[in-house]
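The residues making up each chain are set out below.
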Amino acid sequence: MAKKRVLFINQEIVPYVPASEMANMGRNLPQKMQEKGFEIRTFMPKWGNINERRGQLHEVIRLSGLNLVIDDTDHPLIIKVASIPVSRLQVYFIDNEDYFIRRQSMTEDENGDEYTDNGERAIFFARGVLETVKKLRWVPDLIQCQGWMAGVIPLYVKTAYHDDPTFANTKVVTSLFHNQFKADFGDRFPQCVTYESATADLLNKYSGKFDFMDLGKMAIDYSDGVIEAGENVNKELVDYAKQSGRPFLPYPGEDYANAYKAFYDKLLAE
């Protein structure tokens, strides 16, 4: 029997960014699932604080060069790759001159102010990952989204990419962490997110400014399953996930590998 394929879309992964609950999960979960018999691929943004030389990142020319149009503006997609030391894990990085290369940090500037285009960056990241997976001709059975930067992925998979053979039968799982942003994405976010059948009117049920709660609820609404991935997760989002009726995995603690595998197996059997 062929191995089931899991695509991990992470906001943070150590050692490329400083350690955190989310970054540690981004590093460890793919490896644990690989050890459990899954075939995996892993993606993250190429944040401005990533040292490319130290991390031994290099551009993948055959995957780069696509232009993604967001809010009527072309944004060239650059794909880089590296391997995590002392493991067999390969990580693909989504990069772009305006959204990532010119920034010196991740989601906030040197003064601690969140970048005003974080919403557009999340959109670019989502479409960049999905377009790259298509180019790889690698069909995932399940997509695991970790971090709010991956919050647009469920919407796109279930709408704009639903009829694409690469994602037509893919299950989507959203993990909830305590990490969150403070400023909203602004009233142009629905316009920017519009692509193919992912239309702005699908976001009418959420608030006009699109804040952290809106993004989390949208991710849950378009996911096949939800995981409480850490302690101190926003209670409103946890309650929203439970009330949605979707399969829900409560926080399983630090020894989570078997719980995640069982959760994945159950979703894939449906």
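Notes on the structure follow. (Residues numbered from 1 in each chain as written. Predicted model: local features only at pLDDT ≥ 70, side-chain atom pairs only at ≥ 80, totals over all residues. Heavy atoms only, no water.)

1. Quick word on the overall build of the chain
Which entries qualify depends on this criterion: Helix and strand definitions here come from DSSP, where helices need a minimum of 4 consecutive H or I residues and strands a minimum of 2 consecutive E residues; each element is numbered from the N-terminal end. Only C-alpha atoms enter the radius of gyration; for comparison, a globular chain is expected to reach 2.2 Å times N to the power 0.38, where N is the number of residues. Under the scheme applied here, a residue whose accessible area is under 20% of the maximum for its type counts as buried, over 50% as exposed, and between as partly exposed, the area being computed with a 1.4 Å probe on protein chains only. A contact between two residues is defined here by any heavy atoms of the two lying within 4.5 Å.
Assigned secondary structure in the chain consists of nine helices and eleven strands. Its C-alpha radius of gyration of 17 Å places the chain within 12% of the 18 Å reference for a compact globule of 270 residues. Taking the principal axes of its C-alpha atoms as reference, the chain extends roughly 45 × 45 × 40 Å. Taking all 270 residues of the chain together, the buried fraction comes to 56%. Partitioning the intrachain contacts of the chain with sequence separation of at least 6 by distance along the chain shows that 70% fall at a separation of at least 24.

2. Digging into the packing of helix α7 (residues 212–221) against helix α8 (residues 235–244)
Any two packed helices are characterised by the angle at which their axes cross and by the distance between the axes. We count it as follows: All axes here are fitted lines through C-alpha atoms, helices being fitted over the stretch that makes contact, and every angle between N-to-C directions spans 0 to 180 degrees. Geometric relationships in this document are graded by angle, where less than 35 degrees denotes roughly parallel, more than 145 denotes roughly antiparallel, 65 to 115 denotes roughly perpendicular, and other angles denote oblique. When the near helix sits turned anticlockwise from the far one by under a right angle, the crossing is termed left-handed; a clockwise turn instead gives a right-handed crossing. The residue classification treats Ala, Val, Leu, Ile, Met, Phe, Trp, Tyr, Cys and Pro as nonpolar and Asp, Glu, Lys and Arg as charged. All others, Gly included, are polar.
In contact at an axis separation of 10 Å, α7 and α8 are set at 25 degrees when each is read in the N-to-C sense. In terms of their interaxial angle, α7 and α8 are classed as roughly parallel. α7 and α8 meet at a crossing whose hand is right-handed. Here F212, M213, G216, K217, I220 and D221 of α7 come into contact with α8, specifically with E236, L237, Y240, A241 and S244. Here the residues of the contact of α7 with α8 sort into six nonpolar, two polar and three charged.

3. A few points about the pairing of strand β8 (residues 142–146)
Applicable threshold: Two strands qualify as a pair provided that DSSP identifies no fewer than 2 bridges between them. Handedness is read with the strands pointing away from the viewer; a crossover is right-handed when the path from the first strand over the helix to the second is clockwise.
Within β8, five of the five residues are buried, which leaves it mostly tucked inside the rest of the structure. Both faces of β8 are covered, namely the face carrying L142, Q144 and Q146 and the face carrying I143 and C145. Alignment of strand β1 (residues 5–10) against β8, held across five bridges, turns out to be parallel. Bridging across to β8, I9 finds its partner in C145. With respect to chirality, the unit in which β8 leads through helix α5 (residues 153–158) into the neighbouring parallel strand β9 (residues 171–176) is right-handed.

4. Things to note about the pattern of salt bridges
This is how it is decided: Salt bridge, as used here: a side-chain nitrogen of Lys or Arg that lies within 4 Å of a carboxyl oxygen of Asp or Glu.
Applying the stated criterion to the full structure yields 19 salt bridges. Between E108 and K182 there is a salt bridge, with the nearest N and O atoms lying 3.2 Å from each other. Of this pair, E108 sits in the loop between α3 (97–101) and α4 (118–136) while K182 sits in the loop between β9 and α6 (189–193), and the two are 74 residues apart along the sequence. Note on E108: relative accessible area 30%, which makes it partly exposed. A salt bridge links D265 to K261; the nearest nitrogen and oxygen atoms lie 2.7 Å apart. Residue D265 and its partner K261 are located together in helix α9 (residues 257–269), separated by four residues, close to a single helical turn. Three or more residues are tied together by salt bridges with common partners; here these are K46, E52, K80 and D95.

5. Quick notes on the environment of K80
So the rule is basically this: Polar contacts, as counted here, are pairs of nitrogen or oxygen atoms within 3.5 Å of one another; within protein the pair requires one atom able to donate a hydrogen and one able to accept it, and residues that are adjacent in sequence qualify only if both atoms are side-chain atoms.
Here K80 is to be found in strand β6 (residues 78–83). Looking at K80, the relative accessible area reads 9%, which means it is buried. Separated by 18 residues in the primary sequence, K80 and R62 place their C-alpha atoms 11 Å from one another. Residues contacting K80, with those up to four places away along its chain left out, are K46, E52, L57, H58, E59, V60, V91, Y92, F93 and D95. Within the structure, K80 has its side chain in polar contact with the side chain of E52 (distance 2.9 Å).

6. So, the packing of aromatic side chains
Two descriptors summarise a pair of aromatic rings, namely the distance from one centre to the other and the angle between the planes of the rings. To keep things clear, this is the line we draw: Pairing of aromatic rings covers Phe, Tyr and the six-membered ring of Trp, with a centre-to-centre limit of 6.5 Å; geometry is then stacked below 30 degrees between planes, edge-to-face above 60, and tilted otherwise. Both a distance and an angle decide whether a charge sits over a ring: NZ of Lys or CZ of Arg must be within 6 Å of the ring centre and within 35 degrees of the ring normal.
For the structure on display, the rule yields 18 aromatic pairs. With 4.8 Å between their ring centres and 70 degrees between their planes, W148 and F181 make a pair best called edge-to-face. Of this pair, W148 sits in the loop between β8 and α5 while F181 sits in the loop between β9 and α6, and the two are 33 residues apart along the sequence. Pair check on accessibility: W148 and F181 agree, each one buried. What links up through ring pairs into an aromatic cluster is the set W148, F181, F185, F189, Y206, F210 and F212. Cation over ring: K32 sits above Y256, and NZ or CZ is 5.7 Å from the ring centre. The residue whose ring lies beneath R127 is Y195, and the NZ or CZ to ring-centre distance is 3.8 Å.

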